[in-house]
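One-letter residues, chain by chain:
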Amino acid sequence: MKTIPRIGMAALLLVLAYSCKEASEAKTEEVATTESSTDVISSSAAVEKKDSNRKFVRTVDLQFKVKNVAKSTYSIENVTNKFGGFVTYTNLQSHVNEKEETRVSQDSILETTKYTVENDITIRVPNTKLDTLLKSIAKEIDFLDSRVIKADDVTLQLLSNKMAQKRSASTENRIEKAIDEKGKKLNNVIDAEENLANKKEQNDNAKLNNLSLNDQINFSTVSIKLYQREAIKHELYASEKSINKYRPHLGLQIWDSLKTGWYMLESIIAFIVQLWALILIGVLGYIGYKKVNRKQQ
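Figured I'd write up the structure that's included with this text.

Procedures and definitions
Residues numbered from 1 in each chain as written. Predicted model: local features only at pLDDT ≥ 70, side-chain atom pairs only at ≥ 80, totals over all residues. Heavy atoms only, no water. Core = buried A, V, L, I, M, F, W, Y, C linked by side-chain atoms within 4.5 Å. Buried < 20%, exposed > 50% of the residue type's maximum accessible area, 1.4 Å probe, protein only. Helix = DSSP H or I, 4+ residues; strand = E, 2+ residues; numbered from the N terminus. Contact = heavy atoms within 4.5 Å. Pairing = 2+ DSSP bridges. Phe/Tyr/Trp six-rings, centres within 6.5 Å; stacked < 30°, edge-to-face > 60°. Salt bridge = Lys/Arg side-chain N within 4 Å of Asp/Glu carboxyl O. Patch = residues over 30% accessible without salt bridge, like charges linked within 9 Å, V, L, I, M, F, W, Y side chains within 5 Å. Areas by Shrake-Rupley, 256 points an atom, 1.4 Å probe, with all protein chains shown as cover. Expected span 1.5 Å × (residues − 1). Arc of directions from axis to C-beta. Polar contact = N/O pair within 3.5 Å; in protein donor to acceptor, adjacent residues only side chain to side chain.

A separate point is the nonpolar core. Ranked by internal contacts, the top residues of the largest apolar core, which has 22 residues, are Phe 64, Leu 133, Val 222, Ile 224 and Leu 226. Elements with a contribution of two residues or more to this core: β1 (56–65), α2 (69–82), β3 (108–126), α3 (130–137) and β5 (219–227). Once residues lying within four places of it in the same chain are set aside, the contact partners of Val 222 are Val 60, Leu 62, Ile 121, Thr 122, Ile 123, Val 125, Leu 130 and Leu 133. Counting five residues, the second-largest nonpolar core is a separate cluster that includes Val 57, Val 154, Leu 213 and Ile 217.

Below, the structure written as structure tokens:
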């Protein structure tokens, strides 16, 4: 008799051990998936290298599936603020794929809606935090569609703008000096002023171009497209009563038809009475015609 409890206890221990093993494997698989997503979305192109004279404009384009677009959107926005970035564009919306209505009773209708939720987000983040941000965003990925990271080297472009700015400034000084010293005729002064204005405009454009490049260097741009699997929503609502319920019964319809027919008869009689003059002329004409025929016979 003691053997049976021992066998039952052993079986229970085996079941517990198997359950713990499955839970451990599931947890390990989940951790491995997260680490895999982090490795995939991260890149050395997103890392700001120290003690480097190179200047890069970094842009990232991501598209991936999440379990819940709204929750992932809030999480990404919070992480962006946490790392000193900001959101420049977000467009959270639902697309209705199919809608169907099913009458479940005389006064109830079940509406079934199949829809997809997606969001397009554009964020700017300090270039030193770009890789850290991408690793944080990777936790939201359920399935990665695409990841594009670009690091455009703009070192020479910055240098070119600075050199153009110096040349423009030097030309401005020479033109201003020539206007002050040699500008005697009005036409010469006007031409020189116009030339000076063009040079100043070129100088300003070079400054603005450099400011724009420095902004793109300091803050990387990340464009993200989120979506989730198609969801289904069921909504039960009361249906409007059919107009047939308000129709009168058959007896009342027959009575209304009789009254309508009588009214039509009255209208016909009244119309004929209105034509009494024409009828009288016709009768007199017919009597005269008969008399004439009798005399001729």
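Attention shifts here to the pairing of strand β2 (residues 86–105). As paired elements, β2 and β3 share 17 bridges and run antiparallel to each other. Considered in β3, the bridge of Lys 99 is made with Thr 113. Two successive antiparallel strands, β2 and β3, enclose a turn made up of two residues.

Right, let's talk about the packing of aromatic side chains for a bit. The final tally for this structure, using the stated rule, is one aromatic pair. Relative to Phe 219, the ring of Phe 86 has its centre 5.7 Å away and its plane inclined at 45°; by these criteria the two rings are tilted. Taken together, the positions of Phe 86 in strand β2 and Phe 219 in strand β5 put the pair 133 residues apart, joining distant regions of the chain.

Here we come to the pattern of salt bridges. Applying the stated criterion across every chain yields a total of seven salt bridges. Note that Glu 118 is salt-bridged to Lys 225, the shortest N-O span being 3.7 Å. Of the two residues, Glu 118 sits in strand β3 while Lys 225 sits in strand β5, which places them 107 residues apart along the sequence. Given a relative accessible area of 19%, Glu 118 falls into the buried group.

The residue Asp 204 is located in helix α5 (residues 186–218) in this model. For the pair Asp 204 and Gln 165, spaced 39 residues apart in sequence, the C-alpha separation works out to 8.1 Å.

Let's shift gears to the environment of Asn 210. As for its placement among the helices and strands, Asn 210 is situated in helix α5. Classification of Asn 210 as buried rests on a relative accessible area of 8%. Sequence separation between Asn 210 and Ser 160 is 50 residues; the distance between their C-alpha atoms is 9.7 Å. Excluding residues that lie within four positions of it along the chain, Asn 210 makes contacts with Leu 158, Asn 161, Lys 162 and Gln 165.

Together, Ile 268, Phe 271, Ile 272, Leu 275, Trp 276, Leu 278, Ile 279, Leu 280, Val 283, Leu 284, Tyr 286 and Ile 287 line one region of the surface with nonpolar side chains, adding up to about 1200 Å² of accessible area. Taken together, the elements giving at least two residues each to the nonpolar patch come down to α6 (250–274) and α7 (276–296). Ranked by the residues each element gives to the nonpolar patch, the list is headed by α7, at eight residues. Here Val 283 shows up in helix α7. Residue Val 283 is classed as partly exposed on the basis of its relative accessible area, which comes to 42%.

The end-to-end C-alpha separation of α2 is 20 Å, in line with the 20 Å expected for 14 residues at 1.5 Å each. Of the positions making up α2, those classed as buried are Val 69, Ser 72, Thr 73, Ile 76, Val 79 and Thr 80. Viewed end-on, α2 has its buried residues packed into an arc of 130°, placing them on one side of the element. When the buried face of α2 is taken as reference, the exposed residues oriented beyond 90 degrees from it are Lys 71, Asn 78, Asn 81 and Lys 82. Packed against the buried residues of α2 are β1, β2, β3, α3 and β5. Looking at where α2 begins, the residue whose side-chain oxygen comes 3.1 Å from the main-chain nitrogen of Ala 70 is Asn 68. Two residues or fewer past α2, Gly 84 is found with a positive phi of approximately 80°.

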